[in-house]
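Listed below are the residues making up each chain.
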Amino acid sequence: MTNLLKFIGAIGFLSAYLLQISRASVVSTGDFNKDFFVTWSPSHVNTSADGKARSLKLDQESGAGFSSNQMFLFGQLDMQIKLVPGDSAGTVLGFYMASDQPNRDEIDFEFLGNVSGQPYILQTNIYADGSDNREQRIYLWFDPTKDFHTYSILWNLHQIVLMVDSVPIRTYRNHANEGVPYPRWQPMSIKISLWNGDSWATRGGQDKIDWSQGPFVASFRNYKIDACVWNGNPRFCRAGSPTNWWNQKQFSTLTSIQRRLFKWVRNYHVIYDYCQDNQRFQNNLPKECSLSKY
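All values reported here derive from a predicted model rather than from experimental measurement. (Residues numbered from 1 in each chain as written. Predicted model: local features only at pLDDT ≥ 70, side-chain atom pairs only at ≥ 80, totals over all residues. Heavy atoms only, no water.)

## Looking at the state of the cysteines
Counting across every chain of the model gives 2 disulfides. Disulfide partner of Cys275: Cys289, at an S-S distance of 2.0 Å. Across the S-S bond of Cys275 and Cys289 the torsion is about -80°, and the bridge reads as left-handed. Taken as a pair, Cys275 in the segment after β16 (270-273) and Cys289 in the segment after β16 lie far apart in primary sequence, 14 residues in all. You can call Cys275 buried: its relative accessible area is 12%. With its disulfide-bonded cysteines labelled consecutively along the sequence, the protein chain is connected as 1-2, 3-4. (Disulfide = S-S within 2.5 Å. Helix = DSSP H or I, 4+ residues; strand = E, 2+ residues; numbered from the N terminus. Buried < 20%, exposed > 50% of the residue type's maximum accessible area, 1.4 Å probe, protein only.)

Written out as C-alpha cells, the structure reads:
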C-alpha cells in the first residue's frame, strides 16, 4: 500500500510538473493591445483597430516605445518591421530583450538611421551579467524601408542567434563553462522604442536629425512570441521538453545551411566587430572571441 501511495504521489507530481511546463510556453495572440503596453508617449503610438499592426512616431516633441506584458526565459521572438524611410539620420529604432536588473542581461537589435541613399546599419549587442561592449554592425543587403522584413531572436540554453529573414547574422554561444558570461538565469521582457540618437547613431554623431524630414515613423506587424513565460522558477524554462522546443539538441548549434548563410554575412556585410577591435581592447580581446561561434 505504501509503495502504491508513493507511485500515485509520483504520478501526481509528474502530472503537475508537465502541466507547469505546458503552461510555460506561449504562442502570441498577434494583438499588440493584448501582448504589449505603451511605455512612453501614447500620442506617438498608433495601433490598428484589430491590434495586428502598430507604428511609432518620432518628432521634436517625443519618441515612443512599448514593452511586453510578460517576461520570458528562453524561446524565439519574430517581429516584422518596416524602418523609417528617407533621410532618417540620427534616429534609432531599438528592438530588444532586457532583464532590467543591475546585472543586466540584454539582446539588442538597433537600427541606425542614415542620410537618404546610404545603406541602413544594423547594430547588435549582447549584455550578460551587466557586461556589454559586444557591438557588431552590418549593412543590410536590402532597403528595409520599402517593405516589412522579419527580425528574430532565438535564445536558448546553448546559444543566442539573431536573424534577418531567417538568415543568421550573429551568434553568441553559451561558453559559461569557459568563464564567459551568458544570459541564462534572468527573465527578459521584449521592448521596442524609436528615439533621438543623433549624438552618436549616424557617422558617430556627425549627421544630426533633420526635423524638416519628420515625423519619422517605423511600423510593426505579424509578430510571434514562442517562449517560456517567467513564473519565478527557472527550472521550468530550462527543462528539456517538447514544449520547450528551443532547448532541444537540434537548436544547440547552426545547421549546415545556416552556417553557409552566416559565413556569407560575415564575409560581405559586417562593417564592425568588437572581436576584431584590438585597439579598443588593447590587444586583449574578450575571451569569447577566440571560442567557437556555433
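What follows picks up the thread again.
## As for the side chain of Thr171
You can see Thr171 is positioned in strand β13 (residues 167-173). Polar side-chain contacts of Thr171 include one of 2.7 Å to the backbone oxygen of Lys293. When residues no more than four places from it in sequence are discounted, the contact partners of Thr171 are Ile160, Val161, Leu254, Phe262 and Lys293. (Polar contact = N/O pair within 3.5 Å; in protein donor to acceptor, adjacent residues only side chain to side chain. Contact = heavy atoms within 4.5 Å.)

## Digging into the pairing of β13
By the criterion of burial, β13 is predominantly enclosed, with 7 of the 7 residues buried. As defined by bridge partners, strand β12 (residues 159-164) adjoins β13 across 6 bridges and the pair is classed as antiparallel. Note on β13: the bridge partner recorded for Ile160 is Tyr172. (Pairing = 2+ DSSP bridges.)

## Considering the pattern of salt bridges
Pairing is possible between side chains of opposite charge, provided their charged atoms come close. Counted by the stated rule, this structure contains 7 salt bridges. The salt bridge involving Arg280 is made with Glu135; its shortest N-O contact spans 2.9 Å. Taken together, the residues Arg280 in the segment after β16 and Glu135 in the loop between β9 (121-127) and β10 (136-139) connect sequence positions 145 residues apart. What makes Arg280 partly exposed here is its relative accessible area of 33%. One network of salt bridges, in which partners are shared, links Asp100, Arg104, Glu106 and Lys191. (Salt bridge = Lys/Arg side-chain N within 4 Å of Asp/Glu carboxyl O.)

## Here's the deal with the packing of aromatic side chains
Scanning all chains against the criterion turns up 20 aromatic pairs. Each ring, one from Trp141 and one from Phe142, has its centre 5.6 Å from the other, and the planes form 85°; the classification is edge-to-face. Ring centres of Trp195 and Trp200 lie 6.2 Å apart, and the angle between their planes is 40°; this geometry places the pair in the tilted category. Assessed through its relative accessible area of 27%, Trp200 is described here as partly exposed. Taken together, Phe32, Phe36, Phe66, Phe220 and Tyr223 form an aromatic cluster joined through their ring pairs. Lying over the aromatic face of Tyr127, Arg104 brings its terminal NZ or CZ to 5.9 Å of the ring centre. The lysine or arginine in question, Arg238, covers the ring of Trp185, its NZ or CZ lying 3.9 Å from the ring centre. (Phe/Tyr/Trp six-rings, centres within 6.5 Å; stacked < 30°, edge-to-face > 60°. Lys NZ or Arg CZ within 6 Å of the ring centre and 35° of its normal.)

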